[in-house]
Amino acid sequence: MQNENTAPMKEQETSRVHEALRKKAQEDLEAESHAIPASNPFETFVVGGLAFLALVLCSYNVLARHFFPQHILDFVEEFQVYFVIWAVFLSLGTLTLTDRHVKSDFFVNMFSPAMKTFVAWLADILGLIFSVVIVYYGFEVAYQAYEFGDVSTTMLRTPLWIYFAALPAGGVVMGIAYILRLKRKLIGGGA
Amino acid sequence: MLTMIAPVFVLLLVLGVPIFLTMGITSGVVFAIEGSLTPLAQKIIDELNSPTLLAVPYFVIAATFMERGGVAKAIIESVTAWLGRLPGGLGIVSVVTCAIFAAMCGSSVATAIAMGTILIPAMLRAGYKPSFAGGILASAGTLGILIPPSLAFVVYGVLADASIPRLFLGGVIPGLLSATMMCSYVYYFAKKNGYAQREPVPMDVKVKKTISALPALSVPVIVLGGLYGGVVTLTETAALSAVVAMILALFIYRGIPIRDFFKALTYSVRSAAAIMIIIAMALAFGHLITETGIAQKTLELMEAWEIKPWQFLLFVNIILIFLGMFLEVFSILLIMVPIVLPLLDPLGIDPIHFGVMLVINMELALMSPPVGLNLFVISNISNIPLTQVLRGTVPFFLMMVVLLILVTYVPIVSTWLPNFLMGPA
Amino acid sequence: QEKLRIALDTNPVHVRNKGVDLFVEELKKRTGDHFAIEVYPSGQLFRDRDVPRALRQGALEMGVPGIWQLDASEPNAALVTLPMFYGVPADTVYNVMDGDLGTFLNRKFEERMRVKIPGKWMALGMQNTFGVSQPIDYQTYKGKKIRYPSGTGNAARIDKLGGIGILVPWPDVPLAMSQGVMDGLLTTFESASSSKLMDSGMQYAFEDQNMFNQYVPMFSDSFWRKQPEDIKAAILDAWDVAATWQRAQAFKAQDHAKDTMVKAGLTVIVPTPEQIANARRELMTIQDQLIDSMKIDKEVAKTTLEALKAAGVSF
Ligand code: NA
Ligand code: NA
């Protein structure tokens, strides 16, 4: 049996880049510690509720198909898409607020603090602009579908604007999150 | 157009702007120049209107509940009872339990965390080199996306319009090969370094541990059995694995208290949203790539240069390994697939074969420096310095490269099983 | 050079794509390189489902979506999928379409969807009911899970005959078939043959001729309006040549596909005219309700029914 007794020496040689990365990873994982991060009650209720409903309906249909096929619910296939996509878009706010968007911050970690601050501002401003675009054009898409009376081609003939409206709704919550982030930067001094 | 837009894309990426924004803004600029942004918004919401795509959030929900639900402990204890006695027993147990967990869960990071949290401290206590222990977990954790079910295959299947059940099957043989290679290396390393063997475990303990692991071990049977046994569709498979994971986490292994259920569910939808928003942008981005006709031009260029499919695959692998050093895996997949996809058919490359090759590359990306998510995760949960984890993964990385070459140039390794079980495509 | 983007969601070998290829060729003959024409097959650019929206938003100049997709935007598209067309042979459908019905539908599409219909529709062929591991006929229809390609008319028909309509994305159909997720599907011989559905376990065809599947050509209105008259004429001319050829081609393809599949062991069940007429009568009991709930034009439905009666369809 042997241990790696040379480890402390080697550790000293750890390059600067790796140390920076390690620190960053540590922060990341701590931000997402093993305890489940909190979310606001509204989000928990709506997002969790929609996802739960979708899963329950989907499972119900699997059972129904095998044991009581006459009781299959024909709206499930269509509605679970609407439920889950709405849930996903409504999550974008907290996702943005908690900075959990996927990004490549390898190079950023090597920037000077001033440059880092600049880049963080840039990303948030771009995010806000993009949110506004999504709200505006997402609204147009939903409104057009409403105006033209677009529906799904199933027995249900669901008005599609109800589904399309998830897009501007997601834009709104994401836009609010970006505004809060920018406000935090202004007032909280870059945190 | 593309020559103008490509630098913007790369710049935003390097500046650490979120991937969805990088893709969304690039696409937005092109759509705006072409006339209007309305079609972009329409494209995003239309592409998400797909039952198949639902498998992504469902599998992410399943992964969250499995990772945090206490499922890992039961599996590890039962496998340790059977295999712990071998030289390097705990290392072999790590690889095997990662493979088993991978058959339940579609995410590599979840696999590495769930298994690593318990197994690395155990290995360190048993006197394993930290680099060796960390290396095993960082590498074996990547099996999460190669052995089905796999989020990576789902996302690729959606982008490439390829059969996801076929892709899942395509990952089985490379996944088992990979696990076997890893086990052999662990065995060899433990023998060479004279690692102590564990006490044999009495049969009644083995049986007891196995019984308590049965609910967990039945997940792959229920989920994959359901998919291939003709009971459920892919989306239903994903939903079912999420429901089963919840039941295990809440009622059987009780890793998540019932009062936290909605909190955990909301949290997992949020993780799914991080991927879904990139997928939506990637699909819009792919639309642009199609419209620019760049694929056609590339193809003409490749014909002019007389580039053979094997050269093309080599080239793609090199680019993927390079991107894999710096980018997060889903980003690589989502950036690369829309660009490369239109070339596959003209070159006569099977999309299933290509998908498996791509996923092995993503495994490499998870363990290659400087940005390798599994390296970070393992270093973090075990407090083993990143460089040591990295050093420990080197032999495994090399084995995966061998596997990659095999899968790239011997298509039958990935295509035989799907063709055998599901008939020729 | 002006952009002319055409989106199709079938593969380049499909009979619709071939027709569109001919259109492109004919158009080039007449307009030289006035247009930069690009055909995007296989849903690369847009799926048929999304074509109407792409046209009205200017993201596309032309599409040729299946009629069964169009009742999402214009309810009257469902006219040709209504129970009164059940079991009606293709030439009778053409007869009735060539009357006021065709003109009415084209005008409706043009108004409601802001598109220009350049002329004749293209054909896919007669849609029948196919069984996977067990035959489907009127006796065994009940409880069968039947995949339909979208379209409220299709869904309602399956429902009335006692089946369970399910939507499965086309690429997943072979797997769903071998899995028993579906017991059968509504499709044409040609589609079944070109997708090699027999390899995935399809064994039976039930030739109940549930609807005649057609593709509706459409240009975006803004594209159409800015074309000079001579170009418009060239487009209409080229389309007519292509659509005429394509229709004949589609019928040949269906016959050929059926032969091939029968040789490969497909069992074809042909209901008697009486059985079809009985089923049609049964289905007709839901027609008024469908017309009501879908907001289909009652007058046109009535004249169409009269035209069908005049053409010898029994009700
Ligand atoms: Na997996
Ligand atoms: Na990497």
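Residues numbered from 1 in each chain as written. Chains lettered and ligands numbered in written order. Predicted model: local features only at pLDDT ≥ 70, side-chain atom pairs only at ≥ 80, totals over all residues. Heavy atoms only, no water.

Caption draft 1: Representation of the packing of helix α11 (residues 164–192) of chain B against helix α18 (residues 351–367) of chain B within the structure. Residues and elements named next belong to chain B. One can describe the packing of α11 onto α18 by two numbers: an axis separation of 9 Å at closest approach and a directional angle of 55°. Between α11 and α18, the interaxial angle falls into the category oblique. Crossing of α11 over α18 shows right-handed handedness. For the pair α11 and α18, the contacting residues are Arg166, Leu167, Gly170, Gly171 and Pro174 in the first and Pro351, Ile352, Gly355, Val356 and Ile360 in the second. Its residues assigned to classes, the contact of α11 with α18 comprises 6 nonpolar, 3 polar and 1 charged. (Axes fitted to C-alpha atoms, helices over the stretch in contact; angles between N-to-C directions. Helix = DSSP H or I, 4+ residues; strand = E, 2+ residues; numbered from the N terminus. Parallel < 35°, antiparallel > 145°, perpendicular 65-115°, else oblique. Left-handed = near helix turned anticlockwise from the far one by under 90°. Contact = heavy atoms within 4.5 Å. Nonpolar A, V, L, I, M, F, W, Y, C, P; charged D, E, K, R; others polar.)

Caption draft 2: Spotlight on the coordination of the sodium ion (ligand 1). Residues and elements named next belong to chain B. Bound to the sodium ion (ligand 1) are the protein donor atoms Ala102 (O), Cys105 (O), Gly144 (O), Ile147 (O) and Pro149 (O), situated 2.2 to 2.4 Å from the metal. Sequence positions of the donors to the sodium ion (ligand 1) reduce to the motif A-x2-C-x38-G-x2-I-x1-P. Of this pair, Cys105 sits in the loop between α6 (89–102) and α7 (108–125) while Pro149 sits in the loop between α9 (143–146) and α10 (151–160), placing them 44 residues apart in sequence. Comparing Cys105 with Pro149, the two get one shared label, buried. (Donors = N, O, S within 2.8 Å, 3.2 Å for Na, K, Ca; no water. Buried < 20%, exposed > 50% of the residue type's maximum accessible area, 1.4 Å probe, protein only.)

Caption draft 3: Highlighting the side chain of C:Glu61. All names here are of chain C. In this structure, Glu61 sits in the loop between α2 (51–56) and β3 (62–63). There is a polar contact of 2.8 Å between the side chain of Glu61 and the backbone nitrogen of Arg5. With residues up to four places along the chain from it excluded, the contact list for Glu61 reads Lys3, Leu4, Arg5, Leu55, Met218, Phe219, Ser220 and Phe223. (Polar contact = N/O pair within 3.5 Å; in protein donor to acceptor, adjacent residues only side chain to side chain.)

Caption draft 4: Geometry of the pattern of salt bridges. By the definition in use, this model includes 37 salt bridges over all chains. A salt bridge links A:Asp124 to A:Lys185; the nearest nitrogen and oxygen atoms lie 2.4 Å apart. Pair noted here: A:Asp124 is in helix α5 (residues 113–148) and A:Lys185 is in helix α7 (residues 166–188), with a separation of 61 residues, a long-range link. A relative accessible area of 9% means that A:Lys185 is categorised as buried. Here C:Arg225 makes a salt bridge to C:Asp221, at a shortest N to O gap of 3.2 Å. Of this pair, C:Arg225 and C:Asp221 both sit in helix α7 (residues 221–225), separated by 4 residues, roughly a single helical turn. Owing to a relative accessible area of 59%, C:Arg225 belongs among the exposed residues under this scheme. Ionic contacts of the salt-bridge type, sharing partners, join the residues A:Asp150, B:Asp46, C:Arg49, C:Asp50, C:Arg53 and C:Arg56 into one network. (Salt bridge = Lys/Arg side-chain N within 4 Å of Asp/Glu carboxyl O.)

Caption draft 5: Quick peek at the environment of B:Gly226. All names here are of chain B. Inspection of the secondary structure assignment puts Gly226 in helix α12 (residues 203–228). Taking the relative accessible area as the measure of exposure, Gly226 reaches 7% and is therefore buried. In sequence terms Gly226 and Glu236 are 10 residues apart; their C-alpha atoms lie 9.1 Å from each other. If we ignore the near neighbours within four places in the chain, the residues touching Gly226 are Val221, Val231 and Val232.

Caption draft 6: Seen up close, the nonpolar core. Core analysis: the largest hydrophobic core is formed by 214 residues, its most contacted members being B:Val56, B:Phe65, B:Tyr156, B:Phe312 and B:Phe354. It is helix α14 (residues 261–292) of chain B that provides the largest number of residues to this core, a total of 20 residues. Ranked by size, the runner-up nonpolar core spans 76 residues in total, among them C:Ala7, C:Leu45, C:Leu82 and C:Leu290. (Core = buried A, V, L, I, M, F, W, Y, C linked by side-chain atoms within 4.5 Å.)

Caption draft 7: Here's a closer look at the side chain of B:His287. Here B:His287 shows up in helix α14. Relative accessible area serves as the criterion here: at 2%, B:His287 is assigned to the buried category. If we skip the residues at most four places from it in the chain, B:His287 touches B:Phe31, B:Lys43, C:Leu45 and C:Phe46.

Caption draft 8: A look at the sheet that holds strand β5 (residues 122–131) of chain C. Residue and element names in this part refer to chain C. Ordered in space as β7-β6-β8-β5-β9-β11, the 6 strands form an open sheet in which the pairing is mixed. Looking along the sheet, the strands with just one partner apiece sit at the ends: β7 (164–166) and β11 (267–269). Taken over all neighbouring pairs, the strand axes of this sheet differ in orientation by 35° on average, direction set aside. Sheet analysis places strand β9 (residues 204–215) next to β11, joined by 3 bridges and oriented parallel. Counted as the bridge partner of Tyr204 is Thr267 from β11. Contacting β5 and β9, helix α3 (residues 90–113) runs over the sheet at an angle of about 25° to β9. The strands touched by helix α8 (residues 229–263) within the sheet are β5, β9 and β11, with β5 carrying the most contacts at an inclination of about 25°. (Pairing = 2+ DSSP bridges.)

Caption draft 9: Just the pairing of β9(C), in detail. All names here are of chain C. Extensive coverage of β9 is indicated by the burial of 11 of its 12 residues. Direction of pairing for β5 relative to β9: antiparallel, over a ladder of 8 bridges. Each residue of the ladder has a partner; that of Ala123, found in β9, is Gln214.

Caption draft 10: Highlighting the sheet that holds strand β2 (residues 35–40) of chain C. Residues and elements named next belong to chain C. With mixed pairing, the 5 strands of this open sheet are ordered in space as β2-β1-β3-β10-β4. A strand with exactly one partner marks an edge of an open sheet, and here the two such strands are β2 and β4 (115–116). Pairing of strand β1 (residues 2–7) with β2, which is carried by 6 bridges, proceeds in the parallel orientation. Counted as the bridge partner of Ile6 is Val39 from β2.

Caption draft 11: Local environment of the interface of chain A and chain C. Between chain A and chain C, the contact holds 18 residues from the first and 23 residues from the second. In total, about 1700 Å² of surface goes out of reach between chain A and chain C, with carbon and sulfur atoms giving 50% of it. For chain A, the biggest contributors to the area lost against chain C are A:Phe148, A:Thr153 and A:Arg157; these three give 38% of the whole. Viewed at the interface, chain C and chain A are joined by 3 salt bridges. At the junction of chain A with chain C, the criterion picks out 12 residue pairs in polar contact (both at pLDDT 80 or more). (Buried area = accessible area lost by both parts, 1.4 Å probe.)

Caption draft 12: Representation of the UniProt feature "transmembrane region" (unreviewed entry) in chain A in the model. Residues and elements named next belong to chain A. Feature annotation in UniProt assigns "transmembrane region" (unreviewed entry) to the following positions: residues 45–67, 79–97, 118–139 and 159–180. Secondary structure content for residues 45–67 is 100% helix and 0% strand, and the end C-alpha separation is 31 Å. With 91% helix and 0% strand, residues 159–180 has end C-alpha atoms that lie 34 Å from one another. (UniProt positions renumbered as here; feature names shortened; annotations may be inferred.)

Caption draft 13: Layout of the packing of aromatic side chains. The final tally for this structure, using the stated rule, is 39 aromatic pairs over all chains. Ring centres 6.0 Å apart and planes at 50° place the aromatic pair A:Tyr60 and A:Phe68 in the tilted group. On the numbers, 4.9 Å between centres and 80° between planes, the contact of C:Tyr138 with C:Phe206 is edge-to-face. Separated by 68 residues along the polypeptide, C:Tyr138 in the loop between β5 and β6 (145–147) and C:Phe206 in strand β9 bring together distant segments of the chain. Take C:Phe206: its relative accessible area is 2%, and that puts it in the buried class. (Phe/Tyr/Trp six-rings, centres within 6.5 Å; stacked < 30°, edge-to-face > 60°.)

Caption draft 14: The packing of helix α5 (residues 71–83) of chain B against α12(B), seen in detail. Residues and elements named next belong to chain B. At a closest axis distance of 8 Å, the pairing of α5 and α12 adopts a crossing angle of 145°. α5 and α12 meet at a crossing whose hand is left-handed. Counting all contacts with α5, which are made through Val71, Ala74, Ile75, Glu77, Ser78, Ala81 and Trp82, the residues of α12 involved are Met203, Lys206, Lys209, Thr210, Ser212, Ala213, Ala216 and Leu217. Of the residues belonging to the contact of α5 with α12, the class tally is 9 nonpolar, 3 polar and 3 charged.

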